[in-house]
Amino acid sequence: MSSVRPGAPAPPPPPDGQPEIALSPGFVARMTGQMRAGGWIAPLLTVVVAFFMGGLVVAATGHNPLSTYKAIFDGSGLQWLFPWTSGPDRDTAAINLQQTLLTTGPLILLGLAVGYAFRAGLFNIGGQGQYIVGSIAAVWAGSSWAGMPGWIHVILAMVLATAAGATWAGISGALRAITGANEVITTIMLNWIAIWLGVYLFGLGGPLQNNAQPDVPISNDIVHSARLPVFWGDADLQGLHIGIFVALAAAVVYWVLLNRSTKGYEARAVGFNPEAARYSGIRVGRTYVLVMATCGALAGLAGSLDVLGWQFHIATNDIQGTQLAFLGIAVALLGRNTALGTCLAALMFGALVNGTSVRNLDPAVFEPELAQNLTTVIQGLVVLFVSADVLILLIYNKLRPRRRARGGGAAGPAGDTIEVVA
Amino acid sequence: MSPQNAGAAELALELRGITKRFGALTANDAVDLQLRRGEIHALLGENGAGKSTLMSVVYGMARPDEGEILIDGEPVTIDSPREAMDRGVGMVFQHFMLIPVMTVAENLVLGAEPRKHGLLDLAGARRRTRELSDRYGLKVDPDARVSDVSVGQQQRVEILRALDRGAKILVLDEPTAVLTAQETAELAEVLRALRDAGTSIVFITHKLHEVLDVADRVTVLRRGKTIGTVDTAGADDASLARMMVGRDVVLRVEKEPGKPGQPLLELDDVHATDDRGLPAVDGVSLHVRAGEIVAVAGIDGNGQSELIDLISGLRPCTGGHVRLGGKDITNCTPRAARDAGIGHIAEDRHRRGLVLDFNLSENLALMDYREGTRFGLLKPRRMLDAASRLLHEFDVRGGSPVTPARSLSGGNQQKVVIAREISGNPDALIAAQPTRGLDVGAIEFVHRRLLAERDAGRAILLFSLELDEVRALADRIVVIYDGRIVGELPPTASDEELGLLMTGSGAGRVASS
């Protein structure tokens with residue numbers, strides 16, 4: 001068996017379906033538009049309602065939702081943050097939290113990769129493909145040039161992975177800019193191309209297949225000097241590597257890029273109103289290419305973190321089983337495309353993934369096999385509720401007099417109530 | 001003007017002390033309104049005066065914080081549009097609530113479909129449409145698709161639908177905003193006929209002449225308060241404008257004759273196609289001199305939009321040359337056109353002129369956000385300072401530099417666009433429908449400013465569908481018809497002279513002023 005995501009469920013069957021996100025015509029526009037207020041009430045309510053509904057699912061299977069959530073929380077290692085956790089509990093929690101944060105790092109990057117596109121009015125559903133080409137570039141670079149000094153080697157591998165992701169997504173951006181091809185379609189198609197490219201490269205007889213094990217569809221190992229240093233926990237037991245800081249740094253860069261840079265300003269202008277952007281002299285097509293390339297760079301970097309941090313090689317069934325990037329969409333939606341929100345949402349989903357894993361969840365409370373599906377259920381509910389945030393706000397506004405302005409002509413000067421709250 | 005208790009029975013609708021707040025903003029402040037049975041009552045006010053809010057209260061879309069609504073003398077509460085309909089209140093919105101792919105008859109019965117054996121009775125729907133159409137003299141074709149009929153026709157469908165639901169009180173929100181002059185005249189006829197048949201009508205508008213033309217009485221709102229109700233019989237433009245704006249308004253600004261200098265903007269036999277690839281601008285030649293306003297008059301859709309786009313680099317020029325100050329700027333990018341000195345007050349401020357979700361400082365920086373930047377980082381401080389200065393200079397009200405553009409009234413939004421374009425210090429300024437949808441106070445401001453910019457030596461090319469505006473501002477008028485300049489007239493030209501040229505029946509009198 002090849003590498004398995006730390007504490008994560010066994011790879012699900014090959015992805016035969018893309019994530020189920022309703023692509024109503026106004027979806028991306030709404031995602032672009034609703035982010036301006038940066039409100040925290042709606043995402044918080046979304047989480048509460050999603051967990052509540054997830055609890056109903058747990059109850060329907062005949063288990064106690066509260067003790068199940070408690071066990072998931074324990075499995076995530078988050079109780080390490082409480083000072084009263086001590087003794088052996090604290091050691092276990094530390095290991096679990098390391099696992100959670102190992103997932104959180106790439107999830108932050110994948111969430112940003114979706115969020116930046118949303119801000120420019122694009123839907124990057126191709127995080128998966130960009131992540132895969134990033135991992136391929138990283139594993140190739142990291143397993144070659146054995147004699148290179150470690151730091152240079154690591155950075156080179158990460159830069160190559162970033163460039164590969166940027167190129168991959170840039171293709172979709174260029175297609176959108178030049179031919180008007182919808183990036184939703186092209187990024188999905190490039191996902192499949194990336195998957196089969198990886199299967200070919202690392203499959204039996206493939207050009208990058210392991211030299212020493214001709215019978216295993218797996219890549220060469222990353223040389224030791226090119227691995228990301230572990231700073232917390234045991235390096236041999238998938239301790240926490242410094243990639244989490246790379247991800248946090250990327251979130252800071254993302255904030256500056258989006259809010260303080262001319263390129264981010266152009267991206268937001270294009271996202272809100274491409275026609276006004278064009279009229280102002282902003283080159284809309286070029287902005288599409290740049291935005292997509294930036295997103296791809298983030299997703300590619302995420303791939304390199306996993307490869308250089310704990311996987312150290314790629315097997316063909318890893319590539320086919322990668323679902324992390326789709327979780328990135330939920331992260332971006334829940335995090336409202338903001339830097340801080342994305343980090344928090346990534347932590348929540350990282351905790352959920354690890355808290356429900358076979359390794360971390362107490363089977364006496366809830367069978368991990370079922371619990372893994374709970375992650376998917378909650379992921380789905382989050383996407384559903386964020387997309388249908390009107391529902392959430394309805395709950396919030398329930399006792400208030402609601403004013404649904406029908407058509408612009410009827411709207412008062414205060415605008416739409418729902419948007420004000422969001 | 002004072003409420004007469006004896007007359008309560010003859011009031012179809014009465015509002016007493018309606019107050020509606022949105023957060024810190026009081027949109028309606030103790031507003032009173034008395035609608036008599038069988039009258040056309042105009043609700044007049046500037047953009048943002050609270051007219052639409054008041055009517056959304058009547059139609060059950062907003063619940064008033066204080067005040068009473070009386071229908072036929074009885075106090076009622078209206079919590080939803082459906083309740084409003086049940087009480088005989090019908091509403092026609094500025095943006096129609098029609099489904100374009102369905103027929104007129106299907107749209108008309110939508111929400112109250114006739115059934116036969118549990119199935120939709122289309123024949124019944126058609127019959128009902130025809131009956132209504134005959135009874136009220138509103139001609140519509142029941143079988144036409146809504147997307148195929150004119151805007152005026154669509155509005156009739158809306159009116160008929162309200163009548164079909166039993167509306168005794170009909171509220172029309174800025175019904176003429178989307179209509180041509182001809183359609184507006186037809187609508188006035190329709191409303192008079194409905195009034196004579198006993199329907200009570202509230203007519204929301206900010207256009208003075210419509211009030212005088214159509215309404216029997218008028219209630220004026222200003223900043224959410226009732227200023228007064230008067231009979232239109234004794235009122236005139238000036239008195240209504242004073243009530244509406246709160247001061248004397250110059251309805252037609254005085255202008256000195258221009259002192260034109262060298263030609264700055266020159267078009268030489270330019271051509272362009274429309275979005276479908278058909279010729280739209282077909283060999284236009286004209287020039288605008290420094291310190292001169294040249295107005296392009298014409299009926300909408302005769303190539304004006306394409307000509308604007310062509311000059312500002314938003315549409316390819318398929319033939320001919322555009323020169324600015326002697327420099328060829330044909331087919332340059334929008335940014336290069338701006339850098340060369342073209343300013344452009346966009347025709348549609350929502351679609352083009354503004355990013356509504358950006359705040360005012362971001363909107364005002366749309367052309368110069370790169371100024372003074374280093375390492376590709378914005379200068380938010382500079383943007384905010386510049387915005388404060390411009391908002392003050394152009395008297396933009398209702399917002400600070402960090403207010404979203406969306407929350408400003410139309411007039412103030414337009415001032416933001418104008419402030420930005422003028423602050424770019426362009427040699428030539430294209431002003432496309434610069435006062436569309438603005439009230440008289442804002443129009444006066446825009447007109448004064450454009451004349452001031454003319455006197456400062458800019459070359460201004462004005463596109464307008466309003467002949468009054470064209471005459472008020474222009475030093476020369478050129479008429480565009482079917483993508484060609486068919487004549488040039490002085491600003492003293494009469495409606496008839498202009499009209500003949502605009503409809504293509506003029507004798508191509510090309511003369512210089």
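Counting restarts for each chain, with residues numbered from 1 along the sequence as it is written. Throughout, the order in which chains and ligands are written sets their labels, letters from A for the former and numbers from 1 for the latter. Totals for whole chains, interfaces and linings use every residue, but because this is a predicted model, local features are given only for residues with pLDDT of at least 70 and side-chain atom pairs only at 80 or more, for both listing and counting. The side-chain figures draw on all heavy atoms in the structure; neither hydrogens nor water molecules are used.

**As for unusual backbone geometry**
Residues and elements named next belong to chain B.
Here is step 1: Phi angles above zero are rare outside glycine, and E174 is one such case at about 40°.
Here is step 2: Helix and strand labels come from DSSP, where a helix needs a run of H or I of at least four residues and a strand needs a run of E of at least two; each type is numbered from the N terminus. Structurally, the position occupied by E174 is in the loop between β9 (169-173) and α6 (181-196).
Here is step 3: Even without a glycine there, the phi angle at D269 is positive, about 55°.
Here is step 4: With respect to the element layout, D269 can be found in strand β13 (residues 263-273).

**Describing the sheet that holds strand β5 (residues 74-76) of chain B**
All names here are of chain B.
Here is step 1: By the convention used here, strands pair only if DSSP detects at least 2 bridges between them. Strand order across the open sheet formed by four strands is β2-β1-β4-β5, with antiparallel pairing between neighbours. Each end of this open sheet is capped by a strand with a single partner; those strands are β2 (25-36) and β5. When the angles between neighbouring strand axes are averaged without regard to direction, this sheet yields 25°.
Here is step 2: Here eight bridges tie strand β1 (residues 11-22) to β2, and the two strands are oriented antiparallel to one another. In the strand pairing of β2, K20 is matched with N28. Axes here refer to lines fitted to C-alpha atoms; in helices the fit is confined to the stretch in contact. Angles between the N-to-C directions go from 0 to 180 degrees.

**Digging into the sheet that holds strand β21 (residues 476-481) of chain B**
Where strands meet in a sheet, backbone hydrogen bonds hold them as pairs that are either parallel or antiparallel.
Residue and element names in this part refer to chain B.
Here is step 1: Strand order in this open sheet of six strands is β18-β19-β20-β15-β21-β22, and the pairing throughout is mixed. On the outer flanks of this sheet lie β18 (342-345) and β22 (484-489), each paired with one strand and no other. Neighbour-to-neighbour, the strand axes of the sheet open up by a mean angle of 20°, direction not taken into account.
Here is step 2: In the sheet, β18 pairs with strand β19 (residues 428-432) via four bridges, with the strands oriented parallel. Paired with G343 across the strands is L429, a residue of β19.
Here is step 3: Residue contacts are counted whenever heavy atoms from the two residues lie within 4.5 Å of one another. Sheet strands touched by helix α15 (residues 440-455): β15 (292-297), β18, β19 and β20 (459-464). Its angle to β15, the strand with the most contacts, is close to 130°.
Here is step 4: Packing of helix α17 (residues 495-502) onto the sheet brings it into contact with β15, β21 and β22, and relative to β21 it is tilted by some 35°.

**Considerations on the pairing of strand β6 (residues 89-92) of chain B**
All names here are of chain B.
Here is step 1: Burial classification: accessible surface area is computed with a 1.4 Å probe over protein chains only, and a residue below 20% of its type maximum counts as buried, one above 50% as exposed, and the rest as partly exposed. Of the two faces of β6, both are covered, the one formed by V89 and M91 as well as the one formed by G90 and V92.
Here is step 2: The pairing of β6 with β9 spans four bridges and is classified as parallel. Bridge pairing in β9 links V92 to L172.

**Some details on the packing of helix α4 (residues 87-119) of chain A against helix α14 (residues 339-355) of chain A**
Residue and element names in this part refer to chain A.
Here is step 1: One can describe the packing of α4 onto α14 by two numbers: an axis separation of 8 Å at closest approach and a directional angle of 140°. The pairing of α4 with α14 is recorded here as oblique in orientation. Between α4 and α14 lies a crossing whose hand is right-handed. Taking contact as the criterion, the partners of Q99, T100, L101, T103, T104, L107, I108, G111 and L112 in α4 are, on α14, A339, T342, C343, A346, L347, F349, G350, A351 and N354. Angle categories are assigned with fixed cut-offs, so that under 35 degrees is roughly parallel, over 145 is roughly antiparallel, 65 to 115 is roughly perpendicular, and the rest are oblique. The hand of a helix crossing depends on one turn: near helix anticlockwise from the far one by less than a right angle means left-handed, and clockwise means right-handed.

**Quick notes on the packing of aromatic side chains**
Aromatic ring pairs: the centre-centre distance and the angle between the two ring planes describe each pair.
Here is step 1: Note on aromatic pairs: the rings of Phe, Tyr and Trp (six-membered ring only in Trp) are paired at centre separations within 6.5 Å, and the planes decide the class, stacked below 30 degrees, edge-to-face beyond 60, tilted for the rest. The final tally for this structure, using the stated rule, is twelve aromatic pairs over all chains.
Here is step 2: Relative to W84 of chain A, the ring of F82 of chain A lies with its centre 4.8 Å away and its plane at 15°, an arrangement referred to as stacked.
Here is step 3: Ring geometry for Y59 of chain B against F93 of chain B: centres 6.0 Å apart, planes inclined by 75°, an arrangement best described as edge-to-face. Within this pair, whereas Y59 of chain B is found in the loop between α1 (51-58) and β4 (66-71), its partner F93 of chain B is found in the loop between β6 and α3 (104-109), the two being separated by 34 residues in sequence. Each of the two residues, Y59 of chain B as well as F93 of chain B, counts as buried.

**Thoughts on the interface of chain B and chain A**
Here is step 1: Across the boundary between the two partners, chain B contributes 47 residues, which contact 33 residues of chain A.
Here is step 2: For any pair of parts, buried area is found by adding up, for both, the accessible area (1.4 Å probe) each one loses once the two are put together. Together, the buried faces of chain B and chain A total about 3,400 Å²; carbon and sulfur atoms form 60% of this surface.
Here is step 3: Of all residues in chain B, M61, D357 and L378 of chain B give up the largest surface area on contact with chain A, accounting jointly for 16% of the area buried on that side.
Here is step 4: Salt bridge, as used here: a side-chain nitrogen of Lys or Arg that lies within 4 Å of a carboxyl oxygen of Asp or Glu. Taking the shortest distance from any N to any O, the salt bridge between R268 of chain A and E362 of chain B comes out at 2.7 Å.
Here is step 5: Counted as a polar contact is a pair of N or O atoms within 3.5 Å, where, for protein atoms, one must be capable of donating a hydrogen and the other of accepting one, and residues adjacent in sequence contribute only when both atoms are in side chains. Counting across the interface, chain B meets chain A through 16 residue pairs in polar contact (both at pLDDT 80 or more).
Here is step 6: When contributions to the side of chain B that touches chain A are tallied by element, the ones reaching two or more residues are β2, α1, α10 (334-340), β18, α11 (349-353), α13 (380-393) and α14 (410-423) of chain B.
Here is step 7: No other element matches the four residues that α11 of chain B contributes to the side of chain B that touches chain A.

**Notes on the environment of V230 of chain B**
All names here are of chain B.
Here is step 1: Considering the arrangement of structural elements, one finds V230 in strand β12 (residues 225-231).
Here is step 2: With relative accessibility at 23%, the residue V230 sits in the partly exposed group.
Here is step 3: Between the alpha carbons of V230 and D216 there is a distance of 8.9 Å; along the sequence they are 14 residues apart.
Here is step 4: Every residue in contact with V230, bar those within four places of it in the chain, is listed here: R217, V218, L240 and M243.

**A few points about the side chain of H153 of chain A**
Residues and elements named next belong to chain A.
Here is step 1: Tracing the chain through its elements places H153 in helix α6 (residues 150-179).
Here is step 2: The class for H153 is buried, based on a relative accessible area of 0%.
Here is step 3: Polar side-chain contacts of H153 include one of 2.8 Å to the backbone oxygen of A141.
Here is step 4: Ignoring anything within four residues of it in the chain, the contact list for H153 reads A141, G142, S144, W145, M148, V223, S225 and A226.

**As for helix α9 (residues 262-272) of chain A**
Here is step 1: Counting buried positions along α9 of chain A gives ten out of eleven residues, so the element sits mostly inside the fold.
Here is step 2: If you check which residues of α9 of chain A are buried, you get T262, G264, Y265, E266, A267, R268, A269, V270, G271 and F272 of chain A.

**Some remarks on the domain arrangement of chain B**
Here is step 1: The domain architecture assigned to chain B consists of domain 1 (5-245), domain 2 (260-341 + 426-513) and domain 3 (353-424).
Here is step 2: These domain boundaries are the output of an automatic or database domain assignment. The C-alpha centroid of domain 3 of chain B is placed 36 Å from the C-alpha centroid of domain 1 of chain B.

**Some details on the environment of M367 of chain B**
Here is step 1: Note that M367 of chain B resides in the loop between α12 (360-364) and α13.
Here is step 2: Separated by 24 residues in sequence, M367 of chain B and G343 of chain B place their C-alpha atoms 10.0 Å apart.
Here is step 3: Ignoring sequence-local partners within four residues, the contact set of M367 of chain B consists of Y279 and S280 of chain A together with R338, R420 and E421 of chain B.

**Re the pattern of salt bridges**
Here is step 1: On inspection of all chains with the given rule, the structure shows 48 salt bridges over all chains.
Here is step 2: The partner of D395 of chain B in a salt bridge is K415 of chain B, and the shortest N-O contact between them spans 3.9 Å. Remark: K415 of chain B occurs in helix α14 and D395 of chain B occurs in the loop between α13 and α14; sequence separation between them is 20 residues.
Here is step 3: The exposure class assigned to D395 of chain B is partly exposed, which follows from its relative accessible area of 30%.
Here is step 4: Notably, a salt bridge pairs D495 of chain B with R471 of chain B, separated by 2.8 Å at the nearest N-O pair. Taken together, the positions of D495 of chain B in helix α17 and R471 of chain B in helix α16 (residues 467-473) put the pair 24 residues apart, joining distant regions of the chain.
Here is step 5: Connected through shared salt-bridge partners, E275 of chain A together with D275, D309, R315 and R352 of chain B make up one network.

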